[in-house]
Amino acid sequence: MKKILIVEDEELIRMALEDDFRFEGYEVDSASNGRIGFEKAKSPNVDLIILDIMLPEMNGLDVCKSLRMKGVNTPIIMLTAKGQEIDKVLGLEMGADDYVTKPFSPRELQARVKAIFRRTENASGEQGEHIFTSGGLKVDINQYECFKDGEKVSLTHHEFGLLKYLLQNKDRVIDRDELLDEVWGKDIAVGPRTVDTHMANLRKKIEENPSDPKFILSVRGVGYKFIGR
Ligand code: CA
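Residue positions are given per chain, counting from 1 as you read along its sequence in written order. Given that the model is predicted, a residue must reach a pLDDT of at least 70 before its local features are reported, and side-chain atom pairs must reach 80 or more before they are shown or counted; all residues, however, enter totals for whole chains, interfaces and linings. To get the side-chain values, all heavy atoms of the structure are used, and hydrogens and water are removed first.

1. What to know about the overall build of the protein chain
Phase 1: When helices and strands are tallied, the protein chain shows eight helices and twelve strands.
Phase 2: Between the two quantities, the radius of gyration covers C-alpha atoms and the globule rule is 2.2 Å times the number of residues to the power 0.38. Over its C-alpha atoms the protein chain spans a radius of gyration of 18 Å, differing by no more than 12% from the 17 Å that the globule rule assigns to 229 residues.
Phase 3: Judged by the C-alpha coordinates and their principal axes, the protein chain covers about 55 × 35 × 30 Å.
Phase 4: Looking at the protein chain as a whole, 48% of its 229 residues qualify as buried.
Phase 5: Taking as baseline every contact in the protein chain between residues at least 6 positions apart, the subset at least 24 positions apart corresponds to 58%.
Phase 6: We get accessible surface area from the Shrake-Rupley algorithm with a probe of 1.4 Å; when it comes to residues, only the shown protein chains can shield them. Of the accessible surface of the protein chain, which amounts to about 11200 Å², a share of 50% is contributed by carbon and sulfur atoms.
Phase 7: In the protein chain, which carries 34 positive and 40 negative side-chain charges, the distance between the mean positions of the two groups comes to 3 Å. Numbering goes from the N terminus for both helices and strands, where a helix is a DSSP run of H or I of at least four residues and a strand is a run of E of at least two. Here's how the labels work: a residue is buried when its accessible area is under 20% of the maximum for its type, exposed when over 50%, partly exposed in between, all with a 1.4 Å probe on protein chains only. In what follows, residue pairs with any heavy atoms lying within 4.5 Å of each other are defined as contacts. Counted as positive: Lys and Arg. Counted as negative: Asp and Glu, with His and the chain ends omitted from the count. Each charge is placed at NZ for Lys, CZ for Arg, CG for Asp and CD for Glu.

2. Observations regarding the coordination of the calcium ion
Phase 1: As a rule, N, O and S atoms within 2.8 Å of a metal are its donors, except that Na, K and Ca use 3.2 Å; water is not among the atoms, so sites may look incomplete. Coordination of the calcium ion by the protein comes from D9 (OD), E10 (OE), D52 (OD) and M54 (O), over a distance range of 2.1 to 3.2 Å.
Phase 2: Sequence positions of the donors to the calcium ion reduce to the motif D-E-x41-D-x1-M.
Phase 3: The class for D52 is buried, based on a relative accessible area of 3%.

3. Description of the nonpolar core
Phase 1: Put simply, buried Ala, Val, Leu, Ile, Met, Phe, Trp, Tyr and Cys residues joined by side-chain atoms within 4.5 Å make one nonpolar core. If you look at the biggest cluster of nonpolar residues, it comprises 49 residues, and the most contacted ones within it are I49, L51, M78, L163, M199, I216 and F226.
Phase 2: Ranked by residue count, the leading element in this core is helix α6 (residues 157-168), at six residues.
Phase 3: Domain start and stop points were drawn from an automatic or database domain assignment. Split by domain, the residues of this core number at least three in each of domain 1 (3-124) and domain 2 (126-226).
Phase 4: Dropping the residues within four chain positions of it, M199 is found in contact with L162, L166, L179, I216 and Y224.
Phase 5: Grouped together as the second largest cluster of nonpolar side chains are 16 residues, I4, F21, Y26 and V100 included.

4. A look at helix α1 (residues 11-23)
Note on helix geometry: an α-helix contains 3.6 residues per turn, so any two residues three or four positions apart are oriented the same way.
Phase 1: With 13 residues, α1 extends 18 Å from end C-alpha to end C-alpha; this agrees with the ideal 18 Å at 1.5 Å per step.
Phase 2: Buried residues of α1: R14, L17, E18 and F21, and no others. An end-on view of α1 places all buried positions within 105° of arc, on one side of the element. Residues L12, D19 and F23 are exposed on α1 and point more than 90 degrees away from its buried face.
Phase 3: Looking at the residues trailing α1, positive phi occurs at G25, about 95°. By this rule the span expected of a helix is its residue count minus one, scaled by 1.5 Å. Picture the helix axis, draw a direction to every C-beta atom, and the arc is the one those directions span.

5. Focus: the environment of G223
Phase 1: Topologically, G223 is positioned in strand β12 (residues 223-226).
Phase 2: When the C-alpha atoms of G223 and V195 are compared, they prove to be 9.3 Å apart, with 28 residues separating the residues in sequence.
Phase 3: If we ignore the near neighbours within four places in the chain, the residues touching G223 are I174, D175, R176, L217 and S218.

6. Focus on the side chain of H198
Phase 1: Secondary-structure assignment places H198 in helix α8 (residues 192-206).
Phase 2: Exposure remark for H198: the relative accessible area of 2% places this residue in the buried category.

Here you go:
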């Protein structure tokens, strides 16, 4: 059974979310402030985190950033308040996988959660070639792991999704729309800039020199291409 951690200080919202997720068949844990949320989120038993941004003791952006810095790659969906557009961008840059704007419908949130689990399962359930090595880079698609010169690289859910899709389509130019559809899903409203932001972060992690990349090349005006042997 998949376990969802809900970090939300507003009791009515938290309790409603707990009920919804239990009803959908998930195991649920919750926290009412950022500090407790951060402690609970570090557990490897948590499969997905619903993280509010405005939280007492430690805000959601800091929780997200601190988790990623610790190498915790559990998918995170941020809850952002209406009108705080900047939080969405910051959240994604801090390593969140998706966001939902309050007030949201339970159905919308459930759809986002299912989309993330679907992608995680696709990543782990595939047959055939799943280990890729090239010039100091090693990626195990089934194990969801990436190593650079023998050191483990911590990638977010979407960074790994991008890398995986590029690897599975190496030497082919892939446009941003295709990457959005494949990695974020057709039902999610994010734009081409999101692809570029994540791609820049991915390059920082896997390229020797991100401004002169040897793995992920930009194809001006179109998209990206992975060069592999
Ligand atoms: Ca709140």
